[in-house]
Amino acid sequence: MLKQDLVLIGNGMAGVRTLEEILKLDPERYNITVFGEEPYGNYNRMMLSPVLASEKTIAEIMLNDEQWYVDNNITLHKGKKIDAIDRAKQIVTASDGTQAHYDRLILATGSMPFMLPLPGADKEGVIAFRDIKDVDTMLDATKSYPKAVVIGGGLLGLEAAYGLMKQGMEVTVVHLGATLMDRQLDTNASQLLQKSLEERGMKFLMQHSSAEILGDKRVSGLKFNDGTEAEADLLVMAVGIKPNIALAQSCGLHCERGIVVNDTMQTYDPKIYAMGECVQHRGIAYGLVAPLFEQAKVAANHLVEYGIASYTGSVTSTKLKVTGIELFSAGDFIGNDSTEEIVFKDEANGTYKKIVLADNRIQGAVLYGDTVDGSWYFQLMKDGTDVSAFRDTLLFGQAHLGDSGHNPETRVATLSDDAEICGCNGVCKGEIVKAISVNKLFTLDEVRAHTKASASCGSCTGLVESLLAHTVGGEYSATPSSKPLCGCTDATHDQVREGIIKGQLKTMPEVRSSFQWRQPDGCPSCRSALNYYLLCAWPNEYVDDAQSRFINERAHGNIQKDGTYSVVPRMFGGMCTAQDLRSIADVADKYEVPTMKVTGGQRIDMFGIKKEQLPAVWKDLTDAGFVSGHAYGKSMRTVKTCVGSEWCRFGTQDSTGLGVQLEELTWGSWMPHKFKLAVSGCPRNCAEATIKDFGVVCVDSGYEIHIAGNGGIKVRVTDLLCKISTEAEVLEYCGAFCQLYREDAHYLERTAPWVERVGLEKIKQAVVEDAEQRKALNKRFLESQVKAQVDPWKERAEGVANLEFTPIKVNAGAVV
Amino acid sequence: MNQWIEITLLKDIPVLGSRIVETEDANIAVFRGSDDQVYAVKDACPHKQGPLSQGIMHDGTVTCPLHNWKINLTNGEAQGPDSGCVNVYPIKVEDGQVFLKLQSEEPEV
Ligand code: SRM
Ligand SMILES: Cc1cc2nc3c(=O)[nH]c(=O)nc-3n(C[C@H](O)[C@H](O)[C@H](O)COP(=O)(O)OP(=O)(O)OC[C@H]3O[C@@H](n4cnc5c(N)ncnc54)[C@H](O)[C@@H]3O)c2cc1C
Ligand code: SF4
Ligand code: FES
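Student: What's the story with the site of ligand 1 in this structure? I'm lost.
Tutor: Residue and element names in this part refer to chain A. Among the 22 residues in the neighbourhood of ligand 1, the closest are listed as Gln560, Gly600, Arg603, Lys674 and Arg750. The separation between an oxygen atom of ligand 1 and a polar side-chain atom of Arg603 is 2.6 Å. Breaking the shell around ligand 1 down by element, the ones donating at least two residues are β33 (604-609) and β34 (636-641). Taken together, the residues of the shell around ligand 1 break down into three nonpolar, eleven polar and eight charged.

Student: Explain the interface of chain A and chain B here, please?
Tutor: Buried accessible area, meaning the area lost when the parts come together, often serves as the stated size of an interface. On the side of chain B, 37 residues touch chain A, which itself brings 35 residues to the contact. Summed over both sides, the interface between chain A and chain B buries roughly 3100 Å², with carbon and sulfur atoms accounting for 57% of that surface. Here Lys809(A) ties to Glu22(B) by a salt bridge, and the two come within 2.7 Å at their closest N and O atoms. Counting across the interface, chain A meets chain B through 14 residue pairs in polar contact (both at pLDDT 80 or more). Breaking the side of chain A that touches chain B down by element, the ones donating at least two residues are α17 (524-537), α18 (551-555) and β39 (808-809) of chain A. Considering only residue class, the side of chain A that touches chain B consists of 16 nonpolar, eight polar and eleven charged. Bridge count for β39(A) against strand β2 (residues 17-22) of chain B is two bridges, and the pairing is parallel. Across the sheet, residue Ile808(A) finds its bridge partner in β2(B), namely Val21(B).

Student: Looking at this structure, how should I read the packing of aromatic side chains?
Tutor: One pair of aromatic rings is described through two measures. These are the centre distance and the angle between the planes. Inspection of every chain in the model, using the stated rule, returns 14 aromatic pairs over all chains. For the pair Phe675(A) and Tyr741(A), a centre-to-centre distance of 5.7 Å together with 35 degrees between the ring planes defines the contact as tilted. Separated by 66 residues along the polypeptide, Phe675(A) in strand β35 (residues 675-680) and Tyr741(A) in helix α22 (residues 727-744) bring together distant segments of the chain. The exposure classification of Phe675(A) matches that of Tyr741(A), with both residues buried. Grouped by ring-pair contacts, the aromatic residues Phe675(A), Phe694(A), Phe737(A), Tyr741(A) and Trp754(A) constitute a single cluster. Positioned above the aromatic ring of Tyr145(A), the side-chain terminus of Arg218(A) is 3.9 Å from the ring centre. The ring centre of Phe99(B) lies 5.6 Å from the NZ or CZ of Lys92(B), which sits over that ring.

Student: I would appreciate a short explanation of the pattern of salt bridges in the present structure.
Tutor: Residue and element names in this part refer to chain A. Under the counting rule described, the total for this entry stands at 52 salt bridges over all chains. Between Arg29 and Glu305 there is a salt bridge whose closest N-O contact spans 3.7 Å. Here Glu305 lies in the loop between α9 (289-303) and β23 (317-319) and Arg29 lies in the loop between α1 (13-25) and β2 (30-36), a separation of 276 residues in the sequence. Exposure remark for Glu305: the relative accessible area of 52% places this residue in the exposed category. Taking the shortest distance from any N to any O, the salt bridge between Lys80 and Asp96 comes out at 3.3 Å. Here the residue Lys80 occupies a position in the loop between β5 (74-78) and β6 (82-86), and Asp96 occupies one in the loop between β7 (91-94) and β8 (99-101), the gap between them amounting to 16 residues.

Student: Help me understand unusual backbone geometry, please; the structure alone is not making it clear to me.
Tutor: What you tend to see is this: most non-glycine residues have negative phi, and most peptide bonds are trans. Here Arg282(A), not a glycine, exhibits a phi torsion of approximately 45 degrees, which is positive. Following the sequence through the fold, Arg282(A) ends up in the loop between β22 (279-281) and α9. Judged by relative accessible area, Arg282(A) falls into the exposed class, the value being 52%. The backbone of Asp36(B) shows a phi angle near 70 degrees, a positive value even though the residue is not glycine. Note on placement: Asp36(B) falls in the loop between β3 (27-32) and β4 (38-42). Classification of Asp36(B) as partly exposed rests on a relative accessible area of 34%.

Student: It is not clear to me how the layout of surface pockets should be interpreted in this structure. Could you clarify?
Tutor: It is a probe the size of a water molecule, rolled over the atoms, that shows where empty space is left. Computed from the structure, the second largest pocket encloses a volume of approximately 770 Å³. Along its surface, the second largest pocket is lined by 33 residues, and Asp544(A), Arg549(A), Trp670(A), Glu795(A) and Arg796(A) are the ones closest to its centre. Taken together, the elements giving at least two residues each to the lining of the second largest pocket come down to α17, α18, α25 (771-788) and α26 (792-797) of chain A together with β2 of chain B.

Student: Is there a simple way to explain helix α5 (residues 132-144) of chain A in this structure?
Tutor: Given 3.6 residues per turn, any residue in an α-helix points the same way as the ones three and four places further on. Residue and element names in this part refer to chain A. Here α5 spans 19 Å end to end across 13 residues, near enough to the 18 Å set by a 1.5 Å rise per residue. Taken together, the buried positions of α5 are occupied by Ile132, Asp134, Val135, Met138, Ala141 and Thr142. For α5, the elements touching its buried residues are β3 (42-43), α2 (48-52), α3 (58-61), β11 (126-127), α6 (155-166) and β18 (234-237).

Student: I would appreciate a short explanation of empty space enclosed by the protein in the present structure.
Tutor: All names here are of chain A. Within the structure shown, the criterion is met by one cavity of 30 Å³ or more. The computed volume of the largest cavity comes to approximately 60 Å³. Sort the elements by how many residues they give to the lining of the largest cavity and α17 lands first, with three residues.

Definitions and cut-offs
One numbering rule holds for all chains: residues counted from 1, following each sequence as written. Key to labels: chains lettered from A, ligands numbered from 1, both in the order written. With the structure being a predicted model, the display of local features is reserved for residues of pLDDT at least 70 and the display and counting of side-chain atom pairs for 80 or more, all residues being used for whole-chain, interface and lining totals. Excluding hydrogens and water, the side-chain figures rest on all heavy atoms present in the structure. By convention in this text, a residue qualifies as near a molecule or strand provided that one of its non-hydrogen atoms is within 4 Å of it. Here a polar contact is recorded for every N or O atom pair within 3.5 Å, except that within protein the pair must consist of a potential hydrogen donor and a potential acceptor, and residues adjacent in sequence are included only if both atoms are side-chain atoms. Note on conventions: DSSP H or I runs of at least 4 residues are helices, E runs of at least 2 residues are strands, and numbering of each starts at the N terminus. Throughout this entry, Asp, Glu, Lys and Arg are counted as charged residues, while Ala, Val, Leu, Ile, Met, Phe, Trp, Tyr, Cys and Pro are counted as nonpolar. The remaining residues, Gly among them, count as polar. Whether two residues are in contact is decided by their heavy atoms: any pair within 4.5 Å suffices. Summed over both partners, the accessible area lost on bringing two parts together, with a 1.4 Å probe, is the buried area. One speaks of a salt bridge when a side-chain nitrogen belonging to Lys or Arg is within 4 Å of a carboxyl oxygen belonging to Asp or Glu. Strand pairing is defined by DSSP finding a minimum of two bridges between the two strands. Ring pairs shown here join Phe, Tyr and Trp side chains whose ring centres sit within 6.5 Å, with only the six-membered ring taken for Trp; geometry is labelled stacked below 30 degrees between planes, edge-to-face above 60, and tilted in between. Each residue gets one of three labels from its accessible area relative to the maximum for its type: buried under 20%, exposed over 50%, partly exposed in between, using a 1.4 Å probe on protein chains only. Counting as a charge over the ring demands two things of the Lys NZ or Arg CZ atom: a distance within 6 Å of the ring centre and an angle within 35 degrees of the ring normal. Residues are said to line a cavity or pocket when one of their atoms sits within 4 Å of a point; the points come from a 1 Å grid over protein atoms alone, cavities being sets where a 1.4 Å probe fits but cannot get out and pockets being open sets with protein on both sides within 12 Å along at least five of seven lines. Grid points are joined across faces, edges and corners, and a volume is the space filled by probe spheres set on the points. Under the convention used throughout, the expected extent of a helix is 1.5 Å for every residue step, that is, one less than its residue count.

Structure (structure tokens):
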């Protein structure tokens, strides 16, 4: 069949998504030509808000760059606006005269920001928030002007105001109504939102109606109907959008508020399809992407002549993309005489939930502060599920249906497979889980690349991460032990560890050949894991492989985003002398260290050190008596201590002294992941021992040993392992616990998930109940420490691995 | 600068490791594979200019230390779902001595 000509007018989100759907179904059907008024490839318009807030770059929000058009044989006319459509000849003409013939035409011209017709609206510095150009204008203004006013307290206005505020401007939001986002939120939620934005420094003028824009050439202020004024060097209007229908009207297509389409997204001219914000379907013009993407699917289905899809309208939900503010709304959340409400409000905590029910079916919901269950309520609402069976616990969320706890990971576990996770792209839980397990995905970016989930507005990122953690975490998977170590092999962590010991495998190539690795060199994941497993199994024989270590461990510092390093000297138990501080200060002066900081681990971090300088910096620190703090390694990190009995009026034992002893015992040890300790002098627990991998809480009668806490991404409070009575015992239990963790856990598994996986009983058995085993474990730990407690900095200051730190200089001119 | 420049001995580049060559205006990362094949690319990841020389090298590829993009060292292309490209420079080994040309194989775009 001869290829037909397909022309798309409008290189935006809806139009290009339609092309993607067409290419998926039948890539050979059309010669495709695209006209876009904006001079770019296709970008994610929603992400302009994070770009304005400097949380993303333009490069990061491109959905399809120009290469994509080339790869798919699509002719792209960017920066060209279509002025005329000749429906009789089936030809479109751009303002520069470029023409194209079509057999099928797609209109996806989006919408135009609505500009209030105020006197002075044509002044410089008065803009809308719609495209890259607007964002550039705003970012420029933030450099030279201090004050901005945003008219409109809706989604778009607040995102603009937040972005400008993050850029350092003083921002006032002017709103006609009495509450923010009045179309998406009820009064309670609006007030919480306003309060939290005010706390961040945003100013509001509510119930203010604008009368005139002041200024000469450039805007200088805004005057209101009541005669008052507000100063502004930048005025952003975000009061609404109207479908962009001028082109469609000019060629006689039937339009009302938008271009009128039927359930197949066809306009009144059967050769012309339309979708996106420019259309009106069953009386509704949508302004969010989820419906547009559904429309795109249907249109594509008809354009490739499958003819089976139909679009019957969308139920939409709303989220706000302001970092740190969780907000969700859907459906009819106001209610009326025939509906009931269930409400939860905890003002101090900033949490508010309201669900509107009619006949025990959800009609709408507003959530503020805690939105994890938004997608569940949305699903129940769309499905019209009768909730009477669990109505009394509905507000506590889906997790409450079982007794699965409250962390997000287990909460996503209870979602059904058809629960929608990503509203923008309509991706369900089942699809994501399948992609993760079939394609062995491990990172958020991979999930985005494969499913598009969380690739648009990003507000479901948390849910997708929880799903990922849950799916690959090994805790839930039906066959947890069958997860391969990485893509290079089918062998699991446990099989490899066992094989190393049983088969006396002592080098990486031996391991790789005995387990039939698919990549000869392995990959960064398995190389660093194997290096650790071999080191742990053969502490006296195995020669560490620097090239299999992540750069931080190879250079013994943390790589920074600009390629420099940070250096953290160890301060045992957080204790230091005036001389120690003076020596660090001298080093900082000598090497002109740009930034210093007291870390969360009770010691001092020096930032911005160039790699070539590292050996010299270390030499000076070593000479002053410091050793490396291993702040960069999968290794023992810090021992946090509190003041203790020496000074504190509540202290029961010498927590600092014990902390120093523990750090002297454990420093230098390589571990499956980082390992942190703490000793608190009494149950007030100032050293936060109950969120550490190994924590000691001193009490009058001795020492409580707490294990497997984590204060990071997912906070986990420790389990109490046992109570013992002497310092010597604490040291022995600590050595034994470290060694058990070192020998048993998977690489990159911290103690918290490890203990959850193998069970506290196993640890108690080995470390507490079986004294023989405890002693044996501790003995192996002490043996491994003999070789491990060599200061890597001292070695390198003395010339070990010096090539690593010596660039090759050539004077042959510049590279070209 | 279209001539071969002597830069270092092969043995002074660690196997599956790298060295940095500093020139007047930019750094070049020189890698050595497990088969002694050598590669030279500009030391700046196409993603956010991460120093590729500091990444882990494996089978003709390097994984950037900052956000784990994988860059093919033969053609400079990012692999997998990522897209981007880094300049590649001609490099050869003769009698254990490594030579480099500072003229990139493809003009910068
Ligand atoms: C420097 C420091 C922040 C500070 O200025 O206080 C810090 C800095 C980093 N932390 Fe941290 N963490 C620091 C204390 C903490 C703490 C608090 C503590 O130790 O008391 C935590 C929570 C406690 C915990 O670990 O349970 C913490 C939880 C994390 C996590 C999450 C770990 C988790 O299991 O969830 C990461 C990410 C990771 O390890 O993968 C991380 C990763 C990082 C990295 C290494 C990010 C990276 O990969 O580049 C940061 C390096 C910055 C740099 O360039 O130097 N950092 N980090 C702290 C160093 C302490 C020290 O003296 O060694
Ligand atoms: C800052 C911001 C944040 C947003 N956040 C969210 C969010 O969090 N969630 C959400 O669901 N939605 C959000 N939206 C809305 C969402 O971006 C839009 O619904 C979506 O982009 C509309 O897609 P579209 O293809 O219909 O229109 P557009 O993406 O606007 O594309 C239309 C394109 O057609 C071009 N065009 C118009 N006329 C012509 C012509 N005659 N010739 C050639 N080209 C023409 C335009 O230049 C434009 O590039 C946000 C919008 C903005 C501006
Ligand atoms: S919390 Fe830790 S990892 Fe995150 S920015 Fe701060 S130091 Fe870096
Ligand atoms: S800079 Fe290389 S992956 Fe980000």
